[in-house]
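The chain contents come next:
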Amino acid sequence: MSIPLEQQPHVVIVGAGFGGLRVARRLARLPVRITLLDRNNYHLFQPLLYQVATAGISPDEIAHPVRAILRGQKNLDFRMSQVTGVDLQGRQLHTTTGELRYDYLVLAMGGQTNFFGLSSVAEHGFGLKTLEDASTIRNHVLRQFELANQTSDADLRRALLTFVVVGGGPTGVECAGAMAELIGLVLRKDYPGLNFKDARVVLLEASDRLLASLPAELSEATAEALWRKHVEVRFGAAVADYDGLRVALKGGEVLPARTLIWAAGVRAVPLAEQLGVTQGAQGRVRVLPTLQLPEYPNVFVIGDAALLEGADGRPLPMVAPVAMQQADLTVHNLMRLLRGEPLQPFAYRDLGSMATIGRNQAVAWLGTMKLRGFLAWAAWLFVHLMQLIGFRNRLLVLINWTWDYFFYDRAVRIIFEAGRDANKTG
């Protein structure tokens, strides 16, 4: 005899990102009642945010409504709500829409931009973690060209057309490459009267190489490809301050620039601090190998918010594949908990890394294979296209990529909803 849904164990999942959504979908056939919470009503494909920021695709093409994704899953209820606190002892969540009790809790809270205590950068620079961030960057970049096209002040024009990207990881590399192509292949045609010798894309990396997780030869190939796209790659360049007008480096150098995009780090969201449990680097929550909170076996933490070391003794990276594999183990361990069986530890399987540098250029490290150039670029396109949720989104992104490839054009170059940026530029 089956147990009525309202009497089944209540599993609450916080976050509809890669990890949280995967847990929710894989619990569909288990005898549990699920509540999924997220402050947004959509799942966001974050790896393509930089393409929204550089006018390549529209925001709605990398986001999909959570309710549409989970439509038909009878044991699940979705609530658009933000968690403001967690009572671990009382097994209760405090949210913006009321209190919510749970039997089992999965915290897949995700991360946020880490400015490493640089308050001036946080105030005047741009992060790239949300749809709002990406749309704001796109509006801002396009507006700089409008302003530059109207000014007669040469110094101001150069500052308006200097775009600084901080961070030599995949996001920074991809953003810098896409920005250079937007300027050199698209906006050059929109502003025939503008001297594009004044336009610069500068990529700042504090260490001595890009894409540190990849083999050195692929890092070098990435830097060379960016230089060919006229991106100024600067190594050993750590930002000390940014006031919205000038980027100050720790060595004393100053770069006049009206745009700074920060892609140099990620940290756990503030909710992690409110749990009152052990935290480590980047504000991440220390978890057991089974992904449970110590002393709270009914609470799992996965994804960017979880701190767990891999086989090499280093913390696992804050990337989607880790979150998705942790989601799979969480579902498996929840099943074992319900049956009173021992839980299994997490073992990350690194399937490889890749990053695109622009048209026909990418690098990929897949097991023992090291790819670069067109083949790596084609592999990157296929993987990211297939990971998008929804046929409509895949089709629209494919159409935009194809249009851009053959006609050297970007689909989304409309300035709207300026918001924060309007207050900055006047």
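The structure displayed is predicted, hence computed values, not measured ones. The residue count restarts for each chain, going from 1 along the sequence in the order it is written. The model is predicted, so local features are restricted to residues of pLDDT at least 70 and side-chain atom pairs to those at 80 or more, both for listing and for counting; the totals for chains, interfaces and linings are taken over all residues. Values reported for side chains reflect all heavy atoms of the structure, with hydrogen atoms and water molecules removed beforehand.

(A) Looking closely at the sheet that holds strand β24 (residues 361–366). When DSSP locates at least two bridges between a pair of strands, those strands are taken to pair. By definition, any uninterrupted DSSP run of H or I lasting at least four residues is a helix, any uninterrupted run of E lasting at least two residues is a strand, and each is numbered from the N terminus. What the 3 strands build is an open sheet, ordered β23-β24-β25; its pairing is antiparallel. The open sheet has two free edges, formed respectively by β23 (353–358) and β25 (369–372), since each of these has just one partner strand. Sheet twist, expressed as the mean angle between neighbouring strand axes with direction ignored, is 5°. Pairing geometry for β24 and β25, over 4 bridges, is antiparallel. Axis definition: a line fitted to C-alpha atoms, limited for helices to the stretch in contact. Angles are taken between N-to-C directions and run from 0 to 180 degrees.

(B) Looking closely at the packing of aromatic side chains. Pairing of aromatic side chains requires ring centres within 6.5 Å, counting the rings of Phe and Tyr and the six-membered ring of Trp. Pairs whose planes differ by under 30 degrees are stacked, by over 60 edge-to-face, and all others tilted. Scanning all chains against the criterion turns up 9 aromatic pairs. Between Phe115 and Trp262, the aromatic rings sit 6.0 Å apart at their centres with planes inclined by 35°, giving tilted as the arrangement. One end of the pair, Phe115, is in the loop between β10 (111–113) and α4 (119–124); the other, Trp262, is in strand β17 (residues 259–262), and 147 residues separate them in sequence. No difference in accessibility class separates Phe115 from Trp262, as the two residues are buried. With centroids separated by 5.7 Å and ring planes inclined at 10°, the aromatic side chains of Phe145 and Phe163 adopt a geometry described as stacked. Of this pair, Phe145 sits in helix α5 (residues 131–148) while Phe163 sits in strand β11 (residues 162–166), and the two are 18 residues apart along the sequence. Judged by relative accessible area, which is 1%, Phe163 ranks as buried. Every member of this aromatic cluster is reached through a ring pair, and the members are Phe145, Phe163, Tyr191 and Phe196. Here, over-ring charges are defined by two tests on the NZ atom of lysine or the CZ atom of arginine: distance to the ring centre within 6 Å, and angle to the ring normal within 35 degrees. The ring centre of Tyr408 lies 4.0 Å from the NZ or CZ of Arg359, which sits over that ring. The buried label goes to any residue with under 20% of its type's maximum accessible area, the exposed label to any with over 50%, and the partly exposed label to all in between, with areas taken from a 1.4 Å probe on protein chains only.

(C) Geometry of the side chain of Asn114. Within the secondary structure layout, Asn114 lies in the loop between β10 and α4. Side-chain polar atoms of Asn114 contact the backbone nitrogen of Phe116, separated by 3.0 Å. Contact definition: two residues touch when any of their heavy atoms are within 4.5 Å. Apart from the residues lying within four places of it in its own chain, the contact partners of Asn114 are Trp262, Gly265, Val266, Arg267 and Gln282. Side-chain atoms alone can form a polar contact between residues adjacent in sequence; in general such a contact is a pair of N or O atoms within 3.5 Å, and within protein one must be able to donate a hydrogen while the other accepts it.

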